[in-house]
Amino acid sequence: MVDPANTVGLQVNPTPLLKDELDIVIPTIRNLDFLEMWRPFLQPYHLIIVQDGDPTKKIHVPEGYDYELYNRNDINRILGPKASCISFKDSACRCFGYMVSKKKYIFTIDDDCFVAKDPSGKAVNALEQHIKNLLCPSTPLFFNTLYDPYREGADFVRGYPFSLREGVTTAVSHGLWLNIPDYDAPTQLVKPKERNTRYVDAVMTIPKGTLFPMCGMNLAFDRDLIGPAMYFGLMGDGQPIGRYDDMWAGWCIKVICDHLGLGVKTGLPYIYHSKASNPFVNLKKEYKGIFWQEEIIPFFQNAKLSKEATTVQQCYIELSKMVKEKLSSLDPYFDKLADAMVTWIEAWDELNPPAAAAANGKA
Amino acid sequence: MSSAEINKNEVDIVIGALNADLTQFLNCWRPFFSGFHLIIVKDPELKEELNIPEGFDVDVYSKADMEKIVGASNATMFSGYSCRYFGYLVSKKKYIVSIDDDCVPAKDPKGVLVDAVSQHVTNLENPATPLFFNTLYDPYCEGADFVRGYPFSLRSGVPCAASCGLWLNLADLDAPTQALKTEQRNTSYVDAVMTVPLKAMLPISGINIAFNRELVGPALVPALRIAGEGKVRWETLEDVWCGMCLKHISDHLGYGVKTGLPYVWRNERGDAVESLRKKWEGMKLMEKSVPFFESLKLPETAVTVEDCVVELAKAVKEQLGSDDPAFTQAADAMVKWVQLWNSVNSSG
């Protein structure tokens, strides 16, 4: 059994790192009560709330938070016909928040994620850890058996090539979850009571050439470096699939990061995941994905981007062409998705004109 | 898996003795070594008699045994830290667990002594998952599983070839790093076992390692000797080279390599600054090795471990031989090793 941290009485962080350079993107359909618990760590930061579902519903944001909120009407107004690439009735809509943000860094968190405790009982400032992960290099070209070599008390082990010890720039920090683990529907059905109580005290770089299942519940990234690739796909209403939004983005960003020489980290920080979604509902959403991923994974494992693709947008457009060419035969959905990927990039570039684009691409 | 569930008859614990007095070492490990067969191999350059406490089921091999079994000229292959490979050669068991003689059991965060032998065997007996990274690490352990998005076709995993453990207190850092941070000790207990992904290279340490001898025995090659190699780990690279070969061959044959638990507690020995005084060849050799292994492709026709070692040796000679005589010697040693392996093990 594991409990969330009790943050009542904790002082709001007096020295919030990157306060003016980071936006917190939260998709919601219900309420944002969970932000009460996060106050000490998140209050100093600007929030971008993406309200999914019924736009007439009023979402209450706890006092003291500085935020902008977008509902479906706003998304349609801002993007016009390009709004078709943003999912409806699915938390995938959060990527709209990435697009409208003007900051360098994004932290995204789900509204059922609370503050976790580390083994000593201390409340984990997840955002601070994500920032540390992003500001510090990654090491995708050679695995360090002591994990993050830059961490206090750690280092590169004997045999680690000296020429690789500077590492590369980190683009993504993927955090984990205590309590309700991020299982797929079949696993949830077989193990409804399983809880993740294991606090693995490490951050590590996912090696170049290795794919992973990226969960969007507790994620941070450098928007300048990889933002345009963080499209969460077409999910939810009117789509044949759900709960593969973050997975899709994760496979795309990893291929592109590997190509551009950027790093992806996983491990700390943990958040406390409180709500288990309904496994039967999940099964219906995931069903097609379970079969499709068997084809999708080899597709991404073999995807080779051209050396002319030097910006994230160029990489992403190339990837969309490959999706259309190689995955359309799997299902016409992928044809639509490939088009949506292009629409996304067009919308991204429209909202983030070229002056900012010079900062994109290779670190 | 508790020690009660492990079939002790399938395991040999191989210790390379670089210290003559193994009393403290073996007494500390007694709770976890008892019931197992031990192979202790004495560094042929160690002059003193070994001091081994009572109560262990142990076979000891020394220089004389090496000369008898592999011949005097080949016995030089097993000097220093490489003496343990002789134990791998003569063992008849499925699994080998090998721990340096300056390590004792570590304590986990609850204060309980870690049964490193049990953990290593558990790692070896459970599948590895090199083809896709599981963000919750070992999916087969109690309380964990594969996460959402992990392809179902990859969930049965592949056979585990090796289990690389870690070290608390004195971590396995190189001489320059340890000399710079003389007071640094590893106090971080990371509670995870994970598979090192396909194609990812890593520095495998020989200090705390276990492997499936039946599966990959010949791939653990005592090959790379740096000039001025010494009797402290800071002055060797043999295990790192061995590990690069092992990982590459495992990747080629579809096996997995795990890293993480178990931890051992490693003690002070030698002086990093002193080791620095020797011109440290290891750095140069590693730099050359990395691009070599990165671009290396073993032929499809290499389907046995022995074939892979021989092909690897050929490639080393061709591509690295002119860079440094150490590589040519390593290549020759690898070929010789396979010959010895076959001749020693053909008699059953």
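Since we're looking at a predicted model, the values are computed, not measured.

Things to note about the overall build of chain A
Reasoning step 1: Within chain A, the regular secondary structure consists of 11 helices and 9 strands.
Reasoning step 2: In terms of overall dimensions, chain A is globule-like: its C-alpha atoms have a radius of gyration of 20 Å, near the 21 Å expected for 363 residues.
Reasoning step 3: Each principal axis of the C-alpha distribution contributes one length, and for chain A these read about 55 × 50 × 50 Å.
Reasoning step 4: A buried classification covers 61% of the 363 residues belonging to chain A.
Reasoning step 5: Long-range contacts, defined here as pairs at least 24 residues apart, represent 76% of the contacts in chain A between residues at least 6 apart.
Reasoning step 6: Total accessible area on chain A is roughly 13700 Å²; 54% of this is exposed by carbon and sulfur atoms.
Reasoning step 7: When the 39 positive and 44 negative side-chain charges of chain A are each reduced to one mean point, those points stand 2 Å apart.

Describing the pattern of salt bridges
Reasoning step 1: Applying the stated criterion to the full structure yields 35 salt bridges over all chains.
Reasoning step 2: Beyond isolated ion pairs, a larger network of salt bridges with shared partners links Arg-158 of chain A together with Arg-84, Asp-100, Asp-172, Arg-233, Glu-238 and Asp-239 of chain B.

Let's talk about empty space enclosed by the protein
Reasoning step 1: Tallied over the full model, the rule gives 9 cavities of 30 Å³ or more.
Reasoning step 2: Within this model, the largest cavity holds a volume of roughly 100 Å³.
Reasoning step 3: Around the largest cavity, the lining is made up of 14 residues, and of these Thr-129, Asn-134, Tyr-137, Met-194 and Thr-195 of chain B lie nearest the centre.
Reasoning step 4: Broken down by element, the residue count for the lining of the largest cavity peaks at 3 residues, all from strand β7 (residues 193-195) of chain B.
Reasoning step 5: In this structure, the second largest cavity encloses a volume near 80 Å³.
Reasoning step 6: Residue assignment for the lining of the second largest cavity shows that the elements contributing at least two residues are α7 (245-260), α8 (279-302) and α10 (332-351) of chain A.
Reasoning step 7: Looking at the lining of the second largest cavity element by element, the count peaks at 4 residues for α8 of chain A.
Reasoning step 8: Among the residues making up the lining of the second largest cavity, the classes are represented as 10 nonpolar, 2 polar and no charged.

Observations regarding the side chain of Thr-177 of chain B
Reasoning step 1: Among the structural elements, Thr-177 of chain B can be located in helix α6 (residues 175-180).
Reasoning step 2: Look past the residues within four positions of Thr-177 of chain B in its chain and what remains in contact with it is Asp-155 and Arg-165 of chain A.

As for the UniProt feature "site: Required for activity" (unreviewed entry) in chain A
Reasoning step 1: According to UniProt, the positions carrying the feature "site: Required for activity" (unreviewed entry) are Arg-158 and Arg-165 of chain A.
Reasoning step 2: Along the polypeptide, Arg-158 of chain A turns up in the loop between α4 (126-135) and β6 (170-179).
Reasoning step 3: The contacts of Arg-158 of chain A, once residues within four sequence positions are left out, are Asp-172, Leu-173, Asp-174, Pro-203, Ser-205, Arg-233, Thr-236, Leu-237, Asp-239 and Val-240 of chain B.
Reasoning step 4: Inspection of the secondary structure puts Arg-165 of chain A in the loop between α4 and β6.
Reasoning step 5: Arg-165 of chain A has contacts with Tyr-150, Phe-156, Val-157 and Tyr-160 of chain A together with Asp-174 and Thr-177 of chain B, leaving out every residue within four places of it along the chain.

Quick look at the layout of surface pockets
Reasoning step 1: Of the voids in this model, the largest pocket is the one considered here, and its volume is about 1300 Å³.
Reasoning step 2: In this structure, the largest pocket is lined by 35 residues; those nearest its centre are Lys-208, Gly-209 and Gln-301 of chain A together with Leu-198 and Lys-199 of chain B.
Reasoning step 3: Contributing elements (two or more residues each) for the lining of the largest pocket: α7 and α8 of chain A together with α8 (238-253) and α10 (282-295) of chain B.
Reasoning step 4: In terms of residues, the lining of the largest pocket owes the most to one element, α8 of chain B, which gives 5 residues.
Reasoning step 5: Among the residues forming the lining of the largest pocket, the class breakdown is 19 nonpolar, 7 polar and 9 charged.
Reasoning step 6: In terms of lining, the second largest pocket is formed by 34 residues, of which the most central are Arg-198 of chain A together with Asp-108, Lys-110, Tyr-189 and Asp-191 of chain B.
Reasoning step 7: Per element, the largest residue contribution to the lining of the second largest pocket is 4 residues, and it comes from helix α5 (residues 116-125) of chain B.
Reasoning step 8: Grouping the constituent residues of the lining of the second largest pocket by class yields 16 nonpolar, 8 polar and 10 charged.

Quick notes on the packing of aromatic side chains
Reasoning step 1: The final tally for this structure, using the stated rule, is 35 aromatic pairs over all chains.
Reasoning step 2: Relative to Phe-41 of chain A, the ring of Trp-38 of chain A lies with its centre 6.5 Å away and its plane at 70 degrees, an arrangement referred to as edge-to-face. Of this pair, Trp-38 of chain A and Phe-41 of chain A both sit in helix α1 (residues 35-42), 3 residues apart, which is roughly one turn of the helix. A single burial state applies to Trp-38 of chain A and to Phe-41 of chain A, both of which are buried.
Reasoning step 3: One aromatic cluster is present, built from ring pairs that chain together Tyr-61, Phe-78, Tyr-85, Phe-86, Tyr-88, Phe-211, Trp-337 and Trp-341 of chain B.
Reasoning step 4: For the cation-ring pair, Arg-165 of chain A lies above Phe-162 of chain A, with the distance from its terminal atom to the ring centre recorded as 3.7 Å.
Reasoning step 5: In this structure, Arg-155 of chain B is placed above the aromatic ring of Phe-152 of chain B, and the distance from its NZ or CZ to the ring centre is 3.7 Å.

Some remarks on the confidence of the model for chain B
Reasoning step 1: Looking at chain B as a whole, the pLDDT averages 93, with 97% of positions reaching at least 70.
Reasoning step 2: Scored by ipTM, the complex comes to 0.95, with pTM at 0.95.

Description of the pairing of strand β4 (residues 105-109) of chain A
Residue and element names in this part refer to chain A.
Reasoning step 1: Within β4, 5 of the 5 residues are buried, leaving the element largely enclosed by the surrounding structure.
Reasoning step 2: The two faces of β4 match: Tyr-105, Phe-107 and Ile-109 on one face and Ile-106 and Thr-108 on the other face are all buried.
Reasoning step 3: Note: strand β1 (residues 22-28) against β4, 4 bridges, orientation parallel. Note that in β4 the partner of Ile-24 across the bridge is Phe-107.
Reasoning step 4: In this structure, β4 lies alongside strand β8 (residues 218-222), joined through 5 bridges in antiparallel fashion.

How each quantity is defined
Residues numbered from 1 in each chain as written. Chains lettered and ligands numbered in written order. Predicted model: local features only at pLDDT ≥ 70, side-chain atom pairs only at ≥ 80, totals over all residues. Heavy atoms only, no water. Helix = DSSP H or I, 4+ residues; strand = E, 2+ residues; numbered from the N terminus. Rg over C-alpha atoms; globule rule 2.2 N^0.38 Å. Buried < 20%, exposed > 50% of the residue type's maximum accessible area, 1.4 Å probe, protein only. Contact = heavy atoms within 4.5 Å. Areas by Shrake-Rupley, 256 points an atom, 1.4 Å probe, with all protein chains shown as cover. Lys, Arg positive; Asp, Glu negative; His and termini not counted. Charge placed at Lys NZ, Arg CZ, Asp CG, Glu CD. Salt bridge = Lys/Arg side-chain N within 4 Å of Asp/Glu carboxyl O. 1 Å grid on protein atoms, 1.4 Å probe; cavity = no way out; pocket = protein on both sides within 12 Å on 5 of 7 lines; lining within 4 Å. Points joined across faces, edges and corners; volume = space filled by probe spheres on them. Nonpolar A, V, L, I, M, F, W, Y, C, P; charged D, E, K, R; others polar. UniProt positions renumbered as here; feature names shortened; annotations may be inferred. Phe/Tyr/Trp six-rings, centres within 6.5 Å; stacked < 30°, edge-to-face > 60°. Lys NZ or Arg CZ within 6 Å of the ring centre and 35° of its normal. pLDDT = per-residue confidence, 0-100. Pairing = 2+ DSSP bridges.

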